[in-house]
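For reference, the chains in residue letters:
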Amino acid sequence: AVVIACFAPDVGRQAQQVSDHSGLSISSAARARLNGIIILSLFARQVIGTSSGTHVFVQHGWRACSLFMLALKTFQIPVLLLRGPHCSRNRWFGYEGGLEARQRVVLEREKSRSGEGGNGEPTSSAL
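Residues numbered from 1 in each chain as written. Predicted model: local features only at pLDDT ≥ 70, side-chain atom pairs only at ≥ 80, totals over all residues. Heavy atoms only, no water.

A. Highlighting the overall build of the protein chain. Tallying secondary structure elements over the protein chain gives 4 helices and 0 strands in all. Going residue by residue from the N terminus, the α and β elements of the protein chain occur as α-α-α-α. Here the protein chain holds 127 residues, and 10% of them are scored as buried. Long-range pairs, those at least 24 residues apart, make up 7% of the contacts in the protein chain between residues at least 6 apart in sequence. Summing over all exposed atoms, the protein chain offers an accessible surface of approximately 10,400 Å²; the carbon and sulfur share of this is 64%. (Helix = DSSP H or I, 4+ residues; strand = E, 2+ residues; numbered from the N terminus. Buried < 20%, exposed > 50% of the residue type's maximum accessible area, 1.4 Å probe, protein only. Contact = heavy atoms within 4.5 Å. Areas by Shrake-Rupley, 256 points an atom, 1.4 Å probe, with all protein chains shown as cover.)

B. Looking closely at a nonpolar patch on the surface. A cluster of nonpolar residues, F75, V79, L82, W92 and F93, forms a patch on the protein surface that exposes about 610 Å² of accessible area. Relative to the assigned elements, F75 resides in helix α3 (residues 62–81). (Patch = residues over 30% accessible without salt bridge, like charges linked within 9 Å, V, L, I, M, F, W, Y side chains within 5 Å. Salt bridge = Lys/Arg side-chain N within 4 Å of Asp/Glu carboxyl O.)

C. Representation of the packing of helix α2 (residues 28–60) against α3 within the structure. Close contact between α2 and α3 brings their axes to 7 Å; oriented N to C, the two are set at 145°. Where α2 crosses over α3, the handedness of that crossing is right-handed. Residues G49, S52, G53, V56, F57 and H60 of α2 pack against W62, A64, C65, F68 and M69 of α3. Its residues assigned to classes, the contact of α2 with α3 comprises 7 nonpolar, 4 polar and no charged. (Axes fitted to C-alpha atoms, helices over the stretch in contact; angles between N-to-C directions. Left-handed = near helix turned anticlockwise from the far one by under 90°. Nonpolar A, V, L, I, M, F, W, Y, C, P; charged D, E, K, R; others polar.)

D. Fine view of the pattern of salt bridges. Per the stated rule, a full pass over the model turns up 1 salt bridge. Residues R104 and E108 are paired through a salt bridge, measuring 3.6 Å at the closest nitrogen-oxygen approach. Of the two residues, R104 and E108 are both situated in helix α4 (residues 103–114); the distance of 4 residues between them amounts to about one turn of the helix. Assessed through its relative accessible area of 46%, E108 is described here as partly exposed.

E. α2, seen in detail. Its 33 residues place the ends of α2 47 Å apart at the C-alpha level, agreeing with the 48 Å of an ideal helix rising 1.5 Å per residue. Two residues or fewer after α2 comes G61, characterised by a positive phi angle close to 100°. (Expected span 1.5 Å × (residues − 1).)

Put into structure tokens, the structure is as follows:
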């Protein structure tokens, strides 16, 4: 169990880093700079988390440290929800495209809206 607990986050982080770069159609030099920024920010977050977690643990014990980490994870959820599932690449916040989890449904809905006639009634192709 310890080996899995140590190995799984590393595999997940590597998979996330690969997926972050796979959709980018930029030059290799720009991709290298982006990779450097991602690695630097990852390192900074790890240092800040380790420092603050250790400080809370030493000063207040393991229960306070657990509550602190739970509070940080709870804070992440609203921050992640600031950006909807179908925002365009150049938009940071918002819910354009709705809350539907499947993009296919959103695309079909937009297609049916664009197929509406001028009087607001759907055309025969949208039915």
